[in-house]
Amino acid sequence: MKYSPKLNQFLAENTELTNEQKVEKIAKLETDDLFDLMRDVEEAQDKYSGMVIKTVAGALLAKNIFLA
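What counts as what
Residues numbered from 1 in each chain as written. Predicted model: local features only at pLDDT ≥ 70, side-chain atom pairs only at ≥ 80, totals over all residues. Heavy atoms only, no water. Core = buried A, V, L, I, M, F, W, Y, C linked by side-chain atoms within 4.5 Å. Buried < 20%, exposed > 50% of the residue type's maximum accessible area, 1.4 Å probe, protein only. Helix = DSSP H or I, 4+ residues; strand = E, 2+ residues; numbered from the N terminus. Axes fitted to C-alpha atoms, helices over the stretch in contact; angles between N-to-C directions. Left-handed = near helix turned anticlockwise from the far one by under 90°. Contact = heavy atoms within 4.5 Å. Nonpolar A, V, L, I, M, F, W, Y, C, P; charged D, E, K, R; others polar. Expected span 1.5 Å × (residues − 1). Arc of directions from axis to C-beta. pLDDT = per-residue confidence, 0-100.

(A) Representation of the nonpolar core in the model. Ile26, Leu34, Leu37 and Val56 are the most contacted members of the largest nonpolar core, which totals 13 residues. Of all the secondary-structure elements, those providing two or more residues to this core are helix 1 (5-13), helix 3 (31-43) and helix 4 (50-62).

Encoded structure:
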């Protein structure tokens, strides 16, 4: 999957962050990056903690985007 430069940077640089730090950074992502990140979560759930997955879903919900 091809990601935007901002999401590629997020995925590459944030591997050593705590979940709390990742949550802060996820909240700043643009909508298209959140969608891409959610697709990546769906493809490889074992790469992400539950907290990170909930944060991505919550960030989309905050933008009035509902996941089915």
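Here the narrative resumes.
(B) Summary view of unusual backbone geometry. Its identity as a non-glycine residue notwithstanding, Asn64 has a phi of 60°, on the positive side. Counting through the fold element by element, Asn64 comes out in the segment after helix 4.

(C) Quick peek at the packing of helix 3 against helix 4. Two elements in contact, helix 3 and helix 4, have axes separated by 10 Å at closest approach and are oriented at 145°. Helix-helix and strand crossings are classified by hand; for helix 3 and helix 4 the assignment is left-handed. Every residue of helix 4 that contacts helix 3 at Thr31, Leu34, Phe35, Leu37, Met38 and Val41 is listed here: Ile53, Val56, Ala57, Ala59 and Leu60. Residues of the contact of helix 3 with helix 4, tallied by class, amount to 10 nonpolar, 1 polar and no charged.

(D) A look at helix 4. For helix 4, built from 13 residues, the straight-helix expectation of 18 Å at 1.5 Å per residue is met to within 8% by its first-to-last C-alpha distance of 18 Å. Buried within helix 4 we find Val52, Thr55, Val56, Ala59 and Leu60. Considered in projection along helix 4, the buried side chains sweep an arc of 130° and stay on one side of the axis. Residues Lys54 and Ala62 are exposed on helix 4 and point more than 90 degrees away from its buried face.

(E) Layout of the environment of Lys6. Topologically, Lys6 is positioned in helix 1. Linking Lys6 and Leu29, residues 23 residues apart in sequence, is a C-alpha distance of 8.2 Å. In contact with Lys6, other than residues within four places in its own chain, are Lys28, Leu29, Glu30 and Asp33.

(F) Seen up close, the confidence of the model for the protein. On average, the protein scores 83 in pLDDT, and the residues at 70 or more come to 93%. In the model of the protein, helix 1 stands out as the element of lowest mean pLDDT, 70, in contrast to helix 4, which has the highest, 91.

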